[in-house]
2 protein chains.
Amino acid sequence: MTSHQPRKSAQQGRAKATMAAIVEAAARLLETQGGARLTTNHVAELAGVSIGTLYQYYPNKEAVIAAVLRREKAALLAGFEDIIARGLGPKSTIDALIDATLAHQYTRPRLALALEYIEPELGLLVEDHARDRRLVALVAQVVIEVAPDADARAAQDLVAICRAITNTAAMSGETDPTAIAPRLHRAVSGYLGLHA
Amino acid sequence: MTSHQPRKSAQQGRAKATMAAIVEAAARLLETQGGARLTTNHVAELAGVSIGTLYQYYPNKEAVIAAVLRREKAALLAGFEDIIARGLGPKSTIDALIDATLAHQYTRPRLALALEYIEPELGLLVEDHARDRRLVALVAQVVIEVAPDADARAAQDLVAICRAITNTAAMSGETDPTAIAPRLHRAVSGYLGLHA
DNA sequence: CAAAGATGTGAGTAAATGCTCAGGTTCTCA
DNA sequence: TGAGAACCTGAGCATTTACTCACATCTTTG
């Protein structure tokens, strides 16, 4: 049973920087070459550390990729929590969540795509799925205020819809988020039945 | 420059069956183990042919996977064309297209998922993207009748939406297409602004 | 400062994997 | 029926790749 957790945690600042460099190198390789061609030796080289150092912190290749995934998902989740903490009205909150999703996805579009495609091959841990559910739960909590018959499935659908439109747009070469935002808002309010 | 086209075409029936067996074996491995763990030796073994035979027809591993992808996409496209040929009204046609998409995706959900995730790593040929555009164009052609301001992007969004909802549902363990269909219809008519 | 611990190195290994090739078997057709 | 074409075989090569380990260097702490 191979775990995808880091092998040990860095104690000195130097080691923290090393781990971060490894994760960032993996991210860069993911967005330039995709997951199939990513090798641990390559990651170490790009990170400027030896292969031995990589394996000191990450027990296997999947753990490195999982670390990238967690870094990105944690950032998105944090953004969501920030927005909700602002305590805007439900409609404004939903709008903000959509924009945050779009911004997050478009900051590094090729990375977001690669991660999306690699995730199901990764056999993630329970805690990772828990984070996903938490994100969906956050959305559900807001959505229910404007559409009382919405449930967790509806929230899941909405997240999936936003990601799909954004990814497809990015993949087909659209480079302007401004052109995508209205489509996301339309899709969401359409799904929820919020006419005008 | 590696091509993903078959190396040569089968002339005898026996060879046609061999090629089909290889493609089906690859499909089975895709849905049971995902793309990362699929090896050509494994495909040949499961197909009941020797590795040499596999490479007689497919120049490399990607060509085998691309063949699976083409088989599935061709089936979906054919279904779409059938529906449109029926000449129903635009609203009924759209409903039928949605149901066809759902059925196609749920016939072998894990295969559909794996293919979706492997496609961008595959560097497909021009002709393959042409098929995608044709499918989108078919949708656009119908959609424009009920929503005159819709364009190819809208059609692309709609296809993406349907796939995303279905995939996410399948991935989160939903096994009942009946529960998914209404959500697809709602998402589509919501996006198009058709609130009955 | 000196010891102990934390961190980093990189050549090397075992295994997996894509793919070839020399030669066999089955089919077609005059 | 026999010769050529189409089809199939599978041992094995060359390469790639995940990962280890014995050792070196840096950092902290008593």
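Since we're looking at a predicted model, the values are computed, not measured. (Residues numbered from 1 in each chain as written. Chains lettered and ligands numbered in written order. Predicted model: local features only at pLDDT ≥ 70, side-chain atom pairs only at ≥ 80, totals over all residues. Heavy atoms only, no water.)

### Quick word on the overall build of chain A
Right, so step 1: Along its length, chain A carries nine helices and zero strands.
Right, so step 2: Of the regular secondary structure in chain A, the N- to C-terminal order runs α-α-α-α-α-α-α-α-α.
Right, so step 3: With the C-alpha coordinates aligned to their principal axes, the bounding extent of chain A is approximately 60 × 35 × 30 Å.
Right, so step 4: Counting across all 196 residues of chain A, residues that qualify as buried make up 49%.
Right, so step 5: As presented, chain A carries roughly 9400 Å² of accessible surface, and 55% of it is formed by carbon and sulfur atoms.
Right, so step 6: Within chain A, the 21 negative side-chain charges are centred at a point lying 6 Å from the centre of the 21 positive side-chain charges. (Helix = DSSP H or I, 4+ residues; strand = E, 2+ residues; numbered from the N terminus. Buried < 20%, exposed > 50% of the residue type's maximum accessible area, 1.4 Å probe, protein only. Areas by Shrake-Rupley, 256 points an atom, 1.4 Å probe, with all protein chains shown as cover. Lys, Arg positive; Asp, Glu negative; His and termini not counted. Charge placed at Lys NZ, Arg CZ, Asp CG, Glu CD.)

### Re the protein's contact with DNA strand D
Right, so step 1: Around DNA strand D there are 24 residues in total, and Y55(A), Q11(B), Q12(B), T18(B) and G52(B) lie nearest to it.
Right, so step 2: At the protein interface, 68% of the atoms of DNA strand D within 4 Å belong to sugar or phosphate.
Right, so step 3: At 2.8 Å from a phosphate oxygen of DNA strand D is found a main-chain nitrogen or oxygen belonging to Q12(B).
Right, so step 4: For DNA strand D, a phosphate oxygen lies 2.9 Å from a polar atom in the backbone of S50(B).
Right, so step 5: Listing elements by their share of the surface near DNA strand D, those giving two or more residues are α2 (40-47) and α3 (51-57) of chain A together with α1 (13-33) and α3 (51-57) of chain B.
Right, so step 6: In terms of residue count, α3(B) provides more of the surface near DNA strand D than any other element does, five residues in total.
Right, so step 7: For the surface near DNA strand D, the class distribution of residues is eight nonpolar, twelve polar and four charged. (Near = heavy atom within 4 Å. Polar contact = N/O pair within 3.5 Å; in protein donor to acceptor, adjacent residues only side chain to side chain. Nonpolar A, V, L, I, M, F, W, Y, C, P; charged D, E, K, R; others polar.)

### Brief notes about the domain arrangement of chain A
All names here are of chain A.
Right, so step 1: Segmentation of chain A into domains returns domain 1 (13-62) and domain 2 (67-192).
Right, so step 2: Spacing between the C-alpha centres of domain 1 and domain 2 amounts to 27 Å.
Right, so step 3: Taken residue by residue, the interface counts ten residues in domain 1 and ten residues in domain 2.
Right, so step 4: Both faces combined, the contact of domain 1 with domain 2 buries some 880 Å², and carbon together with sulfur accounts for 65% of it.
Right, so step 5: Per-residue buried area on domain 1 facing domain 2 is highest for V23, L30 and E31; these three make up 56% of the total on that side.
Right, so step 6: Joining domain 1 to domain 2, the criterion identifies three salt bridges.
Right, so step 7: Between R108 and E31 there is a salt bridge whose closest N-O contact spans 2.7 Å.
Right, so step 8: At the junction of domain 1 with domain 2, the criterion picks out three residue pairs in polar contact (both at pLDDT 80 or more).
Right, so step 9: Element by element, the count of residues in the side of domain 1 that touches domain 2 is highest for helix α1 (residues 13-33), at seven residues. (Domains from an automatic or database assignment. Contact = heavy atoms within 4.5 Å. Buried area = accessible area lost by both parts, 1.4 Å probe. Salt bridge = Lys/Arg side-chain N within 4 Å of Asp/Glu carboxyl O.)

### Structural notes on the interface of chain B and chain A
Right, so step 1: On the side of chain A, 26 residues touch chain B, which itself brings 26 residues to the contact.
Right, so step 2: Summed over both sides, the interface between chain B and chain A buries roughly 2400 Å², with carbon and sulfur atoms accounting for 58% of that surface.
Right, so step 3: If you sort the residues of chain B by the area they bury against chain A, Y117(B), E121(B) and Y191(B) come out on top, with a joint share of 24%.
Right, so step 4: On inspection of chain B and its partner chain A, the count reaches four salt bridges.
Right, so step 5: For the interface between chain B and chain A, the tally reads eight residue pairs in polar contact (both at pLDDT 80 or more).
Right, so step 6: Put simply, the parts of the chain that give the side of chain B that touches chain A at least two residues each are α6 (109-118), α8 (152-171) and α9 (177-192) of chain B.

### Let's talk about the UniProt feature "DNA-binding region" (unreviewed entry) in chain A
Right, so step 1: In the UniProt entry, the feature "DNA-binding region" (unreviewed entry) is given for residues 39-58 of chain A.
Right, so step 2: End C-alpha to end C-alpha, residues 39-58 of chain A measures 13 Å, and it is 75% helix and 0% strand. (UniProt positions renumbered as here; feature names shortened; annotations may be inferred.)

### Comments concerning the packing of aromatic side chains
Right, so step 1: Within this structure, the stated rule accounts for one aromatic pair over all chains.
Right, so step 2: Ring geometry for Y117(A) against Y117(B): centres 5.8 Å apart, planes inclined by 55°, an arrangement best described as tilted. With one member in each of two chains, Y117(A) in helix α6 (residues 109-118) and Y117(B) in helix α6 form a pair that bridges those chains. In this pair, the class of Y117(A) matches that of Y117(B), namely buried.
Right, so step 3: The side chain of R186(A) reaches across the aromatic face of Y191(B), ending 4.8 Å from its centre. (Phe/Tyr/Trp six-rings, centres within 6.5 Å; stacked < 30°, edge-to-face > 60°. Lys NZ or Arg CZ within 6 Å of the ring centre and 35° of its normal.)

### Concerning the protein's contact with DNA strand C
Right, so step 1: Every one of the 25 residues lining DNA strand C counts as a neighbour, but Q11(A), Q12(A), T18(A), S50(A) and T53(A) are closest to it.
Right, so step 2: Y57(A) places a polar side-chain atom, nitrogen or oxygen, 3.0 Å from a phosphate oxygen of DNA strand C.
Right, so step 3: The separation between a phosphate oxygen of DNA strand C and a polar main-chain atom of T40(B) is 2.9 Å.
Right, so step 4: When residues of the surface near DNA strand C are assigned to their parent elements, the largest contribution, five residues, is made by α3(A).
Right, so step 5: Taken together, the residues that form the surface near DNA strand C break down as eight nonpolar, 13 polar and four charged.

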